Amino acid sequence: MSRMTLTQYLIEQQRDLNQITGNLRLLLEVVARAVKAISVNVGKGAIAGVLGEAGTDNVQGEAQKRLDVVANEILLLSNEWGGHLAAMASEEMPLPYAIPNRYPRGEYLLLFDPLDGSSNIDVNISVGTIFSVLHCPEGIEPNEKAFLQAGTQQLVAGYALYGPQTILVLTLGNGVVSFTLDREFGTWVLTNPAMRIPEETREYAINASNSRFWDPAIRRYIDEVIAGREGPRGRDFNMRWVGSMVGDVHRLLTRGGIFMYPRDKRDPSKPGRLRLLYEANPMSFIIEQAGGASSTGHGRILEVEPTELHQRIPVILGSSREVERVVRYYTEAA
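This structure is a prediction, so every number in the text was calculated from the model and none was measured. (Residues numbered from 1 in each chain as written. Predicted model: local features only at pLDDT ≥ 70, side-chain atom pairs only at ≥ 80, totals over all residues. Heavy atoms only, no water.)

Enquirer: Is there a simple way to explain the pattern of salt bridges in this structure?
Expert: Two side chains bearing opposite charge may form a pair once their charged atoms approach each other closely. Scanning the model with the defined rule gives 19 salt bridges in all. The shortest N-O distance in the salt bridge between Arg25 and Glu29 comes to 3.1 Å. Residue Arg25 and its partner Glu29 are both found in helix α2 (residues 22–44); the two are separated by four residues, about one turn of the helix. In this structure, Arg25 and Glu29 share a single accessibility class: buried. Close ionic contact of Arg300 with Glu303 constitutes a salt bridge, the shortest N to O distance being 3.2 Å. Arg300 gets classed as partly exposed once you look at its relative accessible area, which sits at 32%. (Salt bridge = Lys/Arg side-chain N within 4 Å of Asp/Glu carboxyl O. Helix = DSSP H or I, 4+ residues; strand = E, 2+ residues; numbered from the N terminus. Buried < 20%, exposed > 50% of the residue type's maximum accessible area, 1.4 Å probe, protein only.)

Enquirer: Sorry if this is basic, but what is going on with the pairing of strand β7 (residues 156–162) here?
Expert: As a general feature of sheets, a regular strand has side chains that alternate between the two faces. In terms of residue burial, β7 counts as a mostly covered element, since seven of its seven residues are buried. Of the pairings in the sheet, the one linking strand β6 (residues 127–135) to β7 comprises seven bridges and is antiparallel in character. Note on β7: the bridge partner recorded for Gly128 is Leu161. Here β7 pairs with strand β8 (residues 166–171) via six bridges, running antiparallel. Across the sheet, Ala157 pairs through a bridge with Thr171, a residue of β8. In textbook terms, the turn of a hairpin is the stretch between consecutive antiparallel strands, and for β7 and β8 this stretch comprises three residues. (Pairing = 2+ DSSP bridges.)

Enquirer: Honestly, the nonpolar core in this entry has me stumped. Any pointers?
Expert: Proteins that are soluble and globular tend to have nonpolar side chains buried together. Counting 43 residues, the largest nonpolar core has Tyr159, Leu253, Phe259, Met283, Val315 and Leu317 as its most contacted members. Counting residues per element, this core draws most heavily on helix α7 (residues 276–289), at eight residues. What Leu253 contacts, discounting residues up to four positions off in sequence, is Tyr159, Val169, Met195, Arg196, Ile197, Ile286, Ile287 and Ala290. If you look at the next biggest cluster of nonpolar residues, it comprises 41 residues, including Ile20, Leu67, Tyr162 and Trp188. (Core = buried A, V, L, I, M, F, W, Y, C linked by side-chain atoms within 4.5 Å. Contact = heavy atoms within 4.5 Å.)

Structural data, given as structure tokens:
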């Protein structure tokens, strides 16, 4: 029995459901091809000479891995010439990337974290790519201001997970689907047409090494789940932490859970660890479309109005009942 490919799925969304335009479909196919190229480089590792430090820092002052730079270049060069984009923005670059004048300019904006979890590369643990698509507002040059749109304005969000299989998860605003890369034929095959996250869970993901810096609401929640069957929750929980947002979110999408990277007291100048535009917004869009919830602890992430391109934000997302519980604890603590 033949299975639906990504191209077939996108054409159906365009032609039969009028969910996307032809230009947006073509853009997503280019992004998917770029993801395949990144997957090849991740898979080759030391053979391709892409492991180790790049010797440079990104805009946040973080040391870049060689594969960070490679993945960023692949996404830029794959998407600059197609005529679908007005500009691109990357977690690895201080300013938006303008489409060169020799190429036509389109109506969309592409944002991406080219290689999420890159600290895991050298130890062969799953990493990924996160991306998001916005309309370029009419009458605005595709500069930084054009990208400062709330997450509710996203047209598409997705991520690729480079693990034992390469998986592409995608939402067009009408549910969440996932595709698996058939490496033999180079084809994306639809393997889950309706991803849904369970409302309840017994798993949580958080970097416990930061516990001494947590807010009281997070400390209360974690204390309760650690207490297990004998505690107020009346059941045992497991903690899982990959250290790659893509890996952790994909696990909770598959079998339920809550992911937390809350604000803490380590550095008062940083309201959170994760980037709003490149990580929090795309993942929140996906989670909500799969039936989950996302919050900063004080409000819905997708409703946050960005003020800068590399803005950081607290992130709590996953199974809806668990997220609602954490938000309630913040309210009670206030």
